[in-house]
Amino acid sequence: MFGFLLTDTSRLFRQFFERTVQENGLGLTPGEIRTLGFTIRFRGSRQAVLAERMGVEPMTLSAYLDRLEARGLIVRTVDAADRRAKLIEPTEEAARVMRELDPLFVDIYRRATRGMSDDEVSLMSEALQKLRSNLTTEPPISTANDFGMVPPPGSASALEKGAD
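Residues numbered from 1 in each chain as written. Predicted model: local features only at pLDDT ≥ 70, side-chain atom pairs only at ≥ 80, totals over all residues. Heavy atoms only, no water.

Quick word on the sheet that holds strand β2 (residues 74-79)
For the record, the criterion: One requirement defines pairing of two strands: DSSP has to find at least two bridges between them. Comment: elements are numbered from the N terminus, with helices defined as DSSP H or I runs of at least four residues and strands as E runs of at least two.
On the basis of which strands lie adjacent, the open sheet formed by three strands has the order β1-β3-β2 and antiparallel pairing. The open sheet has two edge strands with one neighbour each: β1 (45-46) and β2. Bridge count for β1 against strand β3 (residues 82-90) is two bridges, and the pairing is antiparallel. In the strand pairing of β3, Arg46 is matched with Leu87.

Below you can see the structure in the form of structure tokens.
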């Protein structure tokens, strides 16, 4: 039951996120926003490593990165250790776009947690972070402040709450 509930909730959250972003995402697709978030979280990662962390095929990531680069949101540089590899860095414009998207993330967070107390949300977040930690060796989820964003008073950014 636990696995089904977790998987089903994840599916429903992703569908809601994608629908909301398509309606209000500043012309970015859900995949591009997700890629931008991972690029910010894992600054300077190799393209192949970023694809693996996101759980997407390298060619899928490459298409997202092409579009983000064309918009000036990321830059690719040659890895000095391996000239065949590309390192991905977000630009200042990426931070600005993410700050502009923050109200959208806050709205998604508020809708998803409607009817839940702050304590329930906190306990659920802690439990999910422990679960995630048990299943990965990746660093903890970045907070909104890592993205250069400050949540409105009395509310946390959806990114801070671990929306991925």
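From this point, the narrative continues.
Points about the packing of helix α2 (residues 30-41) against helix α3 (residues 47-54)
As a reminder of what qualifies: Fitted lines through C-alpha atoms give the axes, limited to the stretch in contact for helices. The angle between two N-to-C directions lies from 0 to 180 degrees. Two helices crossing with the near one rotated counterclockwise from the far one by less than a right angle form a left-handed crossing, whereas a clockwise rotation gives a right-handed crossing. Contacts: residue pairs with any heavy atoms within 4.5 Å of one another.
Closest axis-to-axis distance for the α2/α3 pair is 11 Å, and the angle between their directions is 115°. Remark: the crossing between α2 and α3 carries right-handed chirality. Of the residues in α3, those touching α2 at Arg34, Thr35, Phe38 and Thr39 are Leu50, Arg53 and Met54.

Regarding the environment of Thr7
Stated precisely, the cut-off is as follows: Residue burial is assigned from relative accessible area. The probe radius is 1.4 Å, only protein chains are included, and a residue is buried under 20% of its type maximum, exposed over 50%, and partly exposed in between. Nitrogen and oxygen atoms within 3.5 Å of one another constitute a polar contact, given that in protein one can donate a hydrogen and the other can accept it, and given that sequence-neighbouring residues count only through two side-chain atoms.
Inspection of the secondary structure puts Thr7 in helix α1 (residues 2-24). Accessibility expressed as a relative area gives 54% for Thr7, which makes it exposed. A polar contact of 2.9 Å, which involves the side chain of Thr7, links it to the backbone oxygen of Gly3.

Description of the packing of α1 against helix α5 (residues 92-112)
We count it as follows: For this classification, the nonpolar set comprises Ala, Val, Leu, Ile, Met, Phe, Trp, Tyr, Cys and Pro, the charged set comprises Asp, Glu, Lys and Arg, and every other residue, Gly included, is treated as polar.
Remark: α1 packs on α5, axes separated minimally by 11 Å, with the N-to-C direction vectors making an angle of 145°. Note that α1 runs across α5; the crossing there is right-handed. Along its contact with α1, which presents Phe13, Phe16, Phe17, Thr20, Val21 and Asn24, the element α5 presents Leu101, Leu104, Phe105, Ile108, Arg111 and Ala112. Considered class by class, the residues forming the contact of α1 with α5 number nine nonpolar, two polar and one charged.

Details of the nonpolar core
Using the following cut-off: Residues enter a nonpolar core if they are buried and are Ala, Val, Leu, Ile, Met, Phe, Trp, Tyr or Cys, with the set joined through side-chain atoms within 4.5 Å.
Counting residues in hydrophobic clusters, the biggest one holds 26 residues, and the most contacted among them are Leu28, Ile33, Leu36, Leu50, Leu61, Leu73 and Leu101. Every element with two or more residues in this core is listed here: α1, α2, α3, α4 (58-70) and α5. Top element by residues in this core is α5. It accounts for seven residues.

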